[in-house]
Amino acid sequence: SQQGEEDPQALSIQEGENATMNCSYKTSINNLQWYRQNSGRGLVHLILIRSNEREKHSGRLRVTLDTSKKSSSLLITASRAADTASYFCATAPHPNTGNQFYFGTGTSLTVIP
Amino acid sequence: DTEVTQTPKHLVMGMTNKKSLKCEQHMGHRAMYWYKQKAKKPPELMFVYSYEKLSINESVPSRFSPECPNSSLLNLHLHALQPEDSALYLCASSQGAARGNQPQHFGDGTRLSIL
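In this text the structure is predicted, and so the values were computed from the model without any measurement.

Trainee: What is the right way to look at the interface of chain B and chain A in this model?
Mentor: For interface size, the figure often reported is the accessible area lost on association. Listed by partner, the interface residues are 29 residues for chain B and 25 residues for chain A. Buried surface at the junction of chain B and chain A, both sides included, amounts to about 2000 Å², of which 49% is carbon and sulfur. Remark: the boundary between chain B and chain A carries one salt bridge. A salt bridge links A:Arg41 to B:Asp108; the shortest N-O distance between them is 3.0 Å. Mapped by element, the contributors of at least two residues to the side of chain B that touches chain A are β4 (31-37), β5 (44-50), β6 (53-57) and β9 (87-94) of chain B. Split into classes, the residues belonging to the side of chain B that touches chain A amount to 14 nonpolar, eleven polar and four charged.

Here is the structure:
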């Protein structure tokens, strides 16, 4: 399986705290993306980091990528109740001949108001 | 509202039925995807179409048959499904031929139940 693994599987924090979730993957990649999924909905793209990048920011999100360790982390700062969702990393393997993506196991985040 | 529209939202069918799931996008994307998602699990890639041609089939059983009639539409034809096929079926699209270097846009899925 090309599926990545995320930890923790579940995370519960108070509103205003920071949330960090980690993703490990198995193959060489073109890029790594993070997605959010609210209950009963489709996935929403959050951020894309390319294999030659080490860190990327978008609003309250900070993503790091360490290709030597085949790992990435997503930091959500100053969390809000609306951040409650499942978060998935997704990798585009290299070489990528078919536009395929593979999702990690996911982290379920609960932000308590 | 999402930019990828999936119909129906819910589908209940017997194991001998034939039904189809539909997906539509008008963003000019040339890559479209089907995923299967079981409860509390990540989406599993089933099929990828790039420029209306099937580029990836992740060893999906033949009771699932994809079709891409044009660049905006993607269908998944279902026949003789098993109870374990009950899941959320997600469609996604992205700009095509980009070696996976573009974000995917997802629909809200069809929740399928097999009796």
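From this point, the discussion proceeds with the structure in view.
Trainee: Any chance you could explain the packing of aromatic side chains here in plain terms?
Mentor: Two measures describe an aromatic ring pair: the distance that separates the ring centres and the angle between the ring planes. Counting across every chain of the model gives nine aromatic pairs over all chains. Between A:Phe103 and B:Tyr35, the ring centres sit 5.5 Å apart and the planes meet at 80°, which makes this aromatic pair edge-to-face. Pair noted here: A:Phe103 is in strand β10 (residues 102-103) and B:Tyr35 is in strand β4, and the two residues belong to different chains. Here A:Phe103 falls in the buried class, since its relative accessible area comes to 2%. Ring geometry for B:Tyr35 versus B:Phe106: centroids 5.5 Å apart, planes at 40°, classification tilted.

Trainee: Help me out: how do you make sense of unusual backbone geometry in this one?
Mentor: Among all residues except glycine, the phi angle is most often negative; among peptide bonds, the trans geometry is most common. In this chain, A:Asp7 is followed by A:Pro8 through a cis amide linkage whose omega measures 0°. Locating A:Pro8 in the fold gives a position in the loop between β1 (5-7) and β2 (10-14). In this structure, the amide linkage connecting B:Thr7 to the following residue, B:Pro8, adopts the cis form with an omega of -10°. If you trace the backbone, B:Pro8 turns up in the loop between β1 (4-7) and β2 (10-13). You will see that A:Ala78, though not glycine, has its phi angle at about 45°, which is positive. You can see A:Ala78 is positioned in the loop between β8 (71-76) and β9 (85-93).

What counts and what doesn't
Residues numbered from 1 in each chain as written. Chains lettered and ligands numbered in written order. Predicted model: local features only at pLDDT ≥ 70, side-chain atom pairs only at ≥ 80, totals over all residues. Heavy atoms only, no water. Contact = heavy atoms within 4.5 Å. Buried area = accessible area lost by both parts, 1.4 Å probe. Salt bridge = Lys/Arg side-chain N within 4 Å of Asp/Glu carboxyl O. Helix = DSSP H or I, 4+ residues; strand = E, 2+ residues; numbered from the N terminus. Nonpolar A, V, L, I, M, F, W, Y, C, P; charged D, E, K, R; others polar. Phe/Tyr/Trp six-rings, centres within 6.5 Å; stacked < 30°, edge-to-face > 60°. Buried < 20%, exposed > 50% of the residue type's maximum accessible area, 1.4 Å probe, protein only.

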